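Structural characterization, general
The chain contents come next:
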Amino acid sequence: MATIEEALEIERLERDIFRGAVTKSQLARTFGGQVAGQALVSAVRTVEPRFEVHSLHGYFLRPGNPAERTVYLVERIRDGRSFCTRRVTGVQDGEAIFTMSASFHVGDEGPQHADEMPNVPAPEQVPDGSQTMSPERLWVMREWEHWDIRLVPGEQVGHREGLASQQQVWFRYRHPLPDDPLFHVCTLAYMSDMTLLGSSKVNHRDERTQDASLDHAMWFLRPFRADEWLLYDQNSPSASFGRALTTGRIFNRKGQFVAQVVQEGLIRDLRE
């Protein structure tokens, strides 16, 4: 299957118009993380190197066709001394399938604090997906064969009191990646869509639902590498009316809080 370099590949058609690559996939719809990742790469190509991504907010408007290339239209909303903002629209067959705002910051000095990483087993103590997934779910490991994804067993999850639905996942890219920090940010944007909605199904594993990402927001808090172990501490505060709200805190192996994710997804009863 596609490497992350292939999945995030884009070509420049015009000053602010880009086109993403098509990659081999088993999915009926374009993976949302790939659309978000390519959109972010497009936005990055239009800002000065001194700016770093600090947040993105995206909406998945229509399902994408994984056999078709997506065109990304970038709008330069603001260019300031400390911040700049871009709006990106992903288009297939003349229709918008994704829209995203991304904000960039040069970085400043100020007060510092952060949540602590939950107490969970080390990734080496957690079996990889090929050992824990049911036979009908092993296609997930083939689709993302370049990723090492390890779901912490339910009895070993570092539960926090009062959370309705929680799960934790260790993950990393299996191969060395370029040192460019922005590439790691775009790689994490790609991967952040993976497994998060599953935190809403922890208490409903036997219920058949139609699942899809609706919107996605990320804040990048500290430097990290996507080819080193990251803990995705996920929970779903609420599910109702066929939608689920999910959140994820991402920590590196040293326990540093590196990114925050919030996503709402569709989890309506499966229509026969």
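Okay, so let's go over this structure. This structure is a prediction, so every number in the text was calculated from the model and none was measured.

Examining the pattern of salt bridges
- Within the structure shown, the criterion is met by 18 salt bridges.
- For Arg253, the salt bridge is made with Glu124, and the minimal N-O distance between the two is 3.0 Å. On the criterion of sequence distance, the pair formed by Arg253 in the loop between strand E11 (243–252) and strand E12 (257–269) and Glu124 in the loop between strand E6 (95–105) and helix H3 (129–132) is long-range, its members being 129 residues apart.
- Among the residues examined, Arg253 registers a relative accessible area of 41% and is labelled partly exposed.
- Classification of Glu124 as exposed rests on a relative accessible area of 51%.
- Residues joined in a network through salt bridges with shared partners are Asp115, Arg160, Asp233 and Arg249.

Details of the sheet that holds strand E5 (residues 83–92)
- Judged by pairing direction, the sheet is antiparallel, and its 12 strands sit side by side in the order E1-E2-E4-E5-E6-E3-E9-E12-E11-E10-E8-E7 without closing on themselves. Strands with a single pairing partner mark the edges of an open sheet, and in this sheet they are strand E1 (10–14) and strand E7 (147–151). In this sheet, neighbouring strand axes are inclined to one another by 25° on average, regardless of whether the strands run parallel or antiparallel.
- Sheet topology note: the strand E4 (residues 71–79)/E5 ladder contains 8 bridges and is antiparallel. Considered in E5, the bridge of Val74 is made with Val88.
- Set on the sheet, helix H2 (residues 32–44) makes contact with E1, strand E2 (17–20), strand E3 (52–60), E4, E5 and E6; between it and E6 the angle comes to about 50°.

Here's the deal with the packing of aromatic side chains
- Overall, the coordinates contain 9 aromatic pairs when judged by the stated rule.
- Measuring from ring centre to ring centre gives 6.4 Å for Trp170 and Trp229, while their planes differ by 80°; the resulting arrangement is edge-to-face. One end of the pair, Trp170, is in strand E8 (residues 166–173); the other, Trp229, is in the loop between strand E9 (209–220) and strand E10 (230–240), and 59 residues separate them in sequence.
- With a relative accessible area of 2%, Trp170 lands in the buried category.
- What makes Trp229 buried here is its relative accessible area of 7%.
- An aromatic cluster of at least three residues, connected via ring pairs, comprises Phe31, Trp144, Trp147, Phe171, Tyr173, Tyr190 and Tyr232.

As for the nonpolar core
- In this structure, Ile4, Leu40, Phe104, Trp144, Trp147, Leu188 and Tyr190 are the most contacted members of the largest nonpolar core, which totals 56 residues.
- Examining the composition of this core, we find that 8 residues originate from one element, helix H5 (residues 181–191), more than from any other.
- Sequence-distant contacts of Ile4, defined by excluding residues within four places in its chain, comprise Trp147, Tyr173, Leu177, Phe183, Thr187 and Tyr190.

Points about the environment of Val91
- Its place among the elements puts Val91 in strand E5.
- It is 5.6 Å that separates the C-alpha atoms of Val91 and Thr70, two residues lying 21 residues apart in sequence.
- Once residues lying within four places of it in the same chain are set aside, the contact partners of Val91 are Arg69, Thr70, Val71, Leu73 and Ala96.

Topic: the side chain of Gln166
- Mapping Gln166 onto the fold places it in strand E8.
- Judged by its relative accessible area of 6%, Gln166 falls in the buried class.
- Reaching out from Gln166, the side chain makes a polar contact with the backbone oxygen of Gly158 at a distance of 3.4 Å.
- A polar side-chain atom of Gln166 sits 3.2 Å from the main-chain amide nitrogen of Arg160.

Some points on the packing of H2 against H5
- It is the contact of H2 with H5, at a shortest axis distance of 7 Å, that shows an interaxial angle of 155°. Judged by the inter-axis angle, H2 sits roughly antiparallel to H5. Handedness of the crossing formed by H2 with H5: right-handed. Residues Gly33, Gln34, Gly37, Leu40, Val41 and Val44 of H2 form the contact with H5, whose own contacting residues are Leu182, Val185, Cys186, Ala189 and Tyr190.
- The residue makeup of the contact of H2 with H5, split by class, is 8 nonpolar, 3 polar and no charged.

Definitions and limits used
- Residues numbered from 1 in each chain as written.
- Predicted model: local features only at pLDDT ≥ 70, side-chain atom pairs only at ≥ 80, totals over all residues.
- Heavy atoms only, no water.
- Salt bridge = Lys/Arg side-chain N within 4 Å of Asp/Glu carboxyl O.
- Helix = DSSP H or I, 4+ residues; strand = E, 2+ residues; numbered from the N terminus.
- Buried < 20%, exposed > 50% of the residue type's maximum accessible area, 1.4 Å probe, protein only.
- Pairing = 2+ DSSP bridges.
- Axes fitted to C-alpha atoms, helices over the stretch in contact; angles between N-to-C directions.
- Contact = heavy atoms within 4.5 Å.
- Phe/Tyr/Trp six-rings, centres within 6.5 Å; stacked < 30°, edge-to-face > 60°.
- Core = buried A, V, L, I, M, F, W, Y, C linked by side-chain atoms within 4.5 Å.
- Polar contact = N/O pair within 3.5 Å; in protein donor to acceptor, adjacent residues only side chain to side chain.
- Parallel < 35°, antiparallel > 145°, perpendicular 65-115°, else oblique.
- Left-handed = near helix turned anticlockwise from the far one by under 90°.
- Nonpolar A, V, L, I, M, F, W, Y, C, P; charged D, E, K, R; others polar.

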